[in-house]
Structures are given as structure tokens and as C-alpha cells.
Amino acid sequence: MLTLNPNPIFRARGITKPYTFLVKSGFTPHAANIIINSNTRVLRLDHIELLCTVLNCEPNDIVKFIPNKGQNYPDNHPLMKLKQDDINLDLQETLANMPYKQLKEFSNNLIKSKID
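Residues numbered from 1 in each chain as written. Predicted model: local features only at pLDDT ≥ 70, side-chain atom pairs only at ≥ 80, totals over all residues. Heavy atoms only, no water.

(A) Examining the side chain of H47 more closely. Examined against the element boundaries, H47 turns out to sit in helix α4 (residues 45-55). The exposure class of H47 is buried, given its relative accessible area of 16%. Apart from residues no more than four positions distant in its own chain, H47 is found in contact with F27 and A31. (Helix = DSSP H or I, 4+ residues; strand = E, 2+ residues; numbered from the N terminus. Buried < 20%, exposed > 50% of the residue type's maximum accessible area, 1.4 Å probe, protein only. Contact = heavy atoms within 4.5 Å.)

(B) Representation of the environment of V54. Its location among the elements puts V54 in helix α4. Setting aside its immediate chain neighbours within four residues, V54 contacts F21 and S25.

(C) The nonpolar core, seen in detail. Ranked by internal contacts, the top residues of the largest apolar core, which has 19 residues, are L22, F27, I35, L51, L55, C57 and I62. The set of elements that each furnish at least two residues to this core consists of α1 (7-12), α3 (29-37), α4 and β2 (63-65). Once residues lying within four places of it in the same chain are set aside, the contact partners of I35 are L4, P6, L22, F27, L43 and L51. (Core = buried A, V, L, I, M, F, W, Y, C linked by side-chain atoms within 4.5 Å.)

(D) Expanded view of the packing of aromatic side chains. Throughout the structure, instances matching the rule amount to two aromatic pairs. With centroids separated by 6.5 Å and ring planes inclined at 75°, the aromatic side chains of F10 and F21 adopt a geometry described as edge-to-face. Taken together, the positions of F10 in helix α1 and F21 in helix α2 (residues 18-24) put the pair eleven residues apart, joining distant regions of the chain. We classify F10 as buried; its relative accessible area is 2%. (Phe/Tyr/Trp six-rings, centres within 6.5 Å; stacked < 30°, edge-to-face > 60°.)

(E) Spotlight on the layout of surface pockets. There is about 210 Å³ of room inside the largest pocket. Lining the largest pocket are L2, T3, L4, T40, R41, V42, L43, I48, V63 and L82. When its residues are assigned to classes, the lining of the largest pocket shows seven nonpolar, two polar and one charged. (1 Å grid on protein atoms, 1.4 Å probe; cavity = no way out; pocket = protein on both sides within 12 Å on 5 of 7 lines; lining within 4 Å. Points joined across faces, edges and corners; volume = space filled by probe spheres on them. Nonpolar A, V, L, I, M, F, W, Y, C, P; charged D, E, K, R; others polar.)

(F) Main features of the pattern of salt bridges. Taken as a whole and assessed by the stated rule, the structure comprises one salt bridge. For the salt bridge of R44 with D46, the shortest nitrogen-to-oxygen distance reads 2.5 Å. When its relative accessible area of 49% is taken as the criterion, R44 is described as partly exposed. With a relative accessible area of 39%, D46 lands in the partly exposed category. (Salt bridge = Lys/Arg side-chain N within 4 Å of Asp/Glu carboxyl O.)

Treat this as a map of the structure, not an account of what it does.
Have a look at this one:
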């Protein structure tokens, strides 16, 4: 089953108030609730496009595949690329807990990658 899963990218982007962020980005309050709660089986393509635009991501980043019970997919099935590990990617927390030496190295690498 495909489900909408925007919460990991909200955390990664440091968005602490997703509802407010979505409404300010042009979503209606109703649509923002649907996106945050991921409780819909239908989502408009223009909403997916707007969500990807404001989060600077692609649809695969916000869609999660959970195989139905009893249904086996081979590991090389294209849908398996949409399985997401439940990791907590909180960039602010990661940076806050990173030793200063690593933080400087990370910053230097980031600047170098922008130049290249």
C-alpha cells in the first residue's frame, strides 16, 4: 500500500509546525490536515507538486510503500524503492550533538560541494 509520509522530510528540514508551514505555502487548512495526518487514499497531483516544490523534494521522498500482509514482492520490484526506513532525521538535533571538529569539517565539505 502506498501512503503519504511527509513527516521525515518535515523533521529533516527543521519544520516544527507543519500545519502552519503548509497553510502559509498555499494549502487550505483541510488539505494541510490531510497531508499531516496521512489519512487519505487520494491526493491531488497539484498538491503533490506543491508539496514537492515547497519541500524541495521529489514525490518518492514523501511516498512510502508498505507491502500488504501476505503479499510478497521480490526485492528488485520497483515499489521496493519506496520502502522507507523509520529513521529520525532531525538535522538540527544532529548538528547540535555533533562535535565541533566534525561540524567544521561538515561545513567545509558543504561549501566545497556548492563551489564544485
